[in-house]
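Structure assessment
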Number of protein chains: 2
Amino acid sequence: MNIGDVSKRCGLPPKTIRYYEDIGLITPQRDTNGYRAFDLGDMHKLAFLGRARALGFTIEDCRTLLALWEDQDRASADVRAIAKDHLTRIETKIADLQEMRDTLATLVRDCAGDQRPDCPILKTLESSGPAQADAAGNRGA
Amino acid sequence: MNIGDVSKRCGLPPKTIRYYEDIGLITPQRDTNGYRAFDLGDMHKLAFLGRARALGFTIEDCRTLLALWEDQDRASADVRAIAKDHLTRIETKIADLQEMRDTLATLVRDCAGDQRPDCPILKTLESSGPAQADAAGNRGA
DNA sequence: ATGGGGCTTCCATCAACTGGAAGGTCAAGA
DNA sequence: TCTTGACCTTCCAGTTGATGGAAGCCCCAT
């Protein structure tokens, strides 16, 4: 299978597939012409990666999960630990976003949104306690 | 005021403040020794930026908001439009994350997490519909 | 042989910083 | 006066996870 076929089958763009090879998540064979020659194993790995990414796992998580998947002697505890950590991260993120949303919703509700310059949104940004401490925690997200 | 003072006062790291100057959000004066010399105006802008960023506005949103803030003849409608768009983006993101969370929570709940290799998490990643279409929408977030 | 797709590599770009190196400046203490 | 240490400066690189685009093969059909 060429990269285009695999792409269609697993739903990942060719660029992404090449990138995954680049960072060592897959290692497809090569044809004599230099084209990547994917087998079913590669395909399944890519599909696995696509699903894991869709669940928000980081690439490094994916790398570990893939290794565990391949390891017949794995302990499900290891898999579960990764998923649980990730779940926690997601829940934190949701909470942060909900806080933002609540604040923003209030501001948007209270803003007339007309021709006049008076604006509670700007007023809040102008002064409402210390600016720091990124409530979003999305600096590194 | 030197950068360290401003940093303490507005809660943004010096690196971030320098970066904001770099991308033209602020333009502090310089002392004869080359040190940045911040006035209260700069300070307030930085505090404004810190709060806007904490609410999750992008840098470009911040740039616009800052300009509107400075413009006494602004229409609050313009501010409100930016905030409303941002609110929508956040709500979409929350919904995406909640979907991930629900799926993950189920998987974590159903995984024994012991020494045995059987694992519903891996089983799901192995095969559960097409991989594509990143439900998280966090490719460009 | 030529045209159009598909494939290859490599380099740049996105957001929003952050880390670190190499070096100048300043105030306080011995 | 010298030194020490905390500041400050600039510049370059790296982070995450791709994506866009250029330049150039390859292959098949007409």
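Quick caveat: nothing in here was measured; it's all calculated off a predicted structure.

**As for helix 3 (residues 40-54) of chain B**
Compared with the 21 Å implied by 1.5 Å per residue over 15 residues, the 21 Å span of helix 3 of chain B between its first and last C-alpha is a close match. With 12 of 15 residues buried, helix 3 of chain B is to be regarded as a mostly interior element. Those residues of helix 3 of chain B that fall on the buried side of the exposure criterion are Asp 42, Met 43, Lys 45, Leu 46, Ala 47, Phe 48, Leu 49, Gly 50, Arg 51, Ala 52, Arg 53 and Ala 54 of chain B. Where helix 3 of chain B is buried, its residues touch helix 5 (76-110) and helix 6 (120-126) of chain A together with helix 1 (3-10), helix 2 (14-22), strand 2 (36-37) and helix 4 (59-70) of chain B. If you check the start of helix 3 of chain B, you find a side-chain oxygen 3.0 Å away from the backbone N of Gly 41 of chain B, and it comes from Asp 39 of chain B. Count one or two residues on from helix 3 of chain B and you reach Gly 56 of chain B, which has phi positive near 90°.

**Here we look at the interface of chain B and chain A**
Facing the 64 residues of chain B at the interface are 64 residues of chain A. Of the roughly 5400 Å² buried at the junction of chain B and chain A (both faces included), carbon and sulfur atoms supply 68%. Of all residues in chain B, Arg 51, Leu 122 and Leu 125 of chain B bury the most surface against chain A, accounting for 13% of the area lost on that side. Along the contact surface separating chain B from chain A lie zero salt bridges. Our count for the chain B to chain A interface comes out at 20 residue pairs in polar contact (both at pLDDT 80 or more). Elements represented by at least two residues in the side of chain B that touches chain A include exactly helix 3, helix 4, helix 5 (76-110) and helix 6 (120-126) of chain B. Here the side of chain B that touches chain A gets 21 residues from one element, more than from any other, and that element is helix 5 of chain B. Tallied by class, residues from the side of chain B that touches chain A come to 35 nonpolar, 15 polar and 14 charged.

**Section: the relation of the copies chain B and chain A**
In the superposition of chain B on chain A (RMSD 0.2 Å, axial shift 0.0 Å), the rotation amounts to 180°. In symmetry terms, the pair is related by a two-fold rotation axis. Among all residues of chain B, the one whose C-alpha sits closest to the rotation axis is Ile 94 of chain B, at a distance of 3.0 Å. Both copies share a contact surface, since 100% of the interface residues of chain B are interface residues in chain A too.

**Focus on the domain arrangement of chain A**
Residue and element names in this part refer to chain A. Segmentation of chain A into domains returns domain 1 (3-59) and domain 2 (76-126). Computed over C-alpha atoms, the centres of domain 1 and domain 2 are 34 Å apart. Across the contact, four residues belong to domain 1 and five residues belong to domain 2. Buried area between domain 1 and domain 2, both sides added, is near 270 Å², and the carbon and sulfur share of it is 70%. Seen at the junction of domain 1 and domain 2, the total is zero salt bridges. The interface formed by domain 1 and domain 2 contains three residue pairs in polar contact (both at pLDDT 80 or more). Here the side of domain 1 that touches domain 2 is composed, by residue class, of two nonpolar, two polar and no charged.

**Some points on the protein's contact with DNA strand D**
Taken together, 20 residues form the shell around DNA strand D, and within it Lys 15, Thr 16 and Tyr 20 of chain A together with Gly 4 and Arg 36 of chain B come nearest. Each atom of DNA strand D within 4 Å of the protein was classed as base or backbone; sugar and phosphate made up 68%. Between a phosphate oxygen of DNA strand D and a side-chain N or O atom of Arg 53 of chain A, the distance comes to 2.7 Å. One nitrogen or oxygen atom from the main chain of Ile 59 of chain A is found 3.5 Å from a phosphate oxygen belonging to DNA strand D. Listing elements by their share of the surface near DNA strand D, those giving two or more residues are helix 2 (14-22) of chain A together with helix 1 and helix 2 of chain B. The element best represented in the surface near DNA strand D is helix 2 of chain A, accounting for four residues.

**Some points on the packing of helix 5 of chain A against helix 5 of chain B**
Where helix 5 of chain A meets helix 5 of chain B, the closest approach of the two axes is 8 Å, and the angle between their N-to-C directions is 155°. Considering their axes alone, helix 5 of chain A and helix 5 of chain B lie roughly antiparallel with respect to each other. In this structure, helix 5 of chain A crosses over helix 5 of chain B, and the sense of that crossing is left-handed. Looking at the contact of helix 5 of chain A with helix 5 of chain B residue by residue, the class counts come to 18 nonpolar, four polar and 10 charged.

**Description of the confidence of the model for chain A**
In this model, chain A carries an average pLDDT of 92, and 91% of its residues clear a pLDDT of 70 or more. Every residue in residues 132-141 of chain A is under pLDDT 50, and counting partners more than four places away or in other chains gives 15 contacts.

So, how was this worked out
Residues numbered from 1 in each chain as written. Chains lettered and ligands numbered in written order. Predicted model: local features only at pLDDT ≥ 70, side-chain atom pairs only at ≥ 80, totals over all residues. Heavy atoms only, no water. Helix = DSSP H or I, 4+ residues; strand = E, 2+ residues; numbered from the N terminus. Expected span 1.5 Å × (residues − 1). Buried < 20%, exposed > 50% of the residue type's maximum accessible area, 1.4 Å probe, protein only. Contact = heavy atoms within 4.5 Å. Polar contact = N/O pair within 3.5 Å; in protein donor to acceptor, adjacent residues only side chain to side chain. Buried area = accessible area lost by both parts, 1.4 Å probe. Salt bridge = Lys/Arg side-chain N within 4 Å of Asp/Glu carboxyl O. Nonpolar A, V, L, I, M, F, W, Y, C, P; charged D, E, K, R; others polar. Least-squares fit on C-alpha atoms with pLDDT ≥ 70 in both. Domains from an automatic or database assignment. Near = heavy atom within 4 Å. Axes fitted to C-alpha atoms, helices over the stretch in contact; angles between N-to-C directions. Parallel < 35°, antiparallel > 145°, perpendicular 65-115°, else oblique. Left-handed = near helix turned anticlockwise from the far one by under 90°. pLDDT = per-residue confidence, 0-100.

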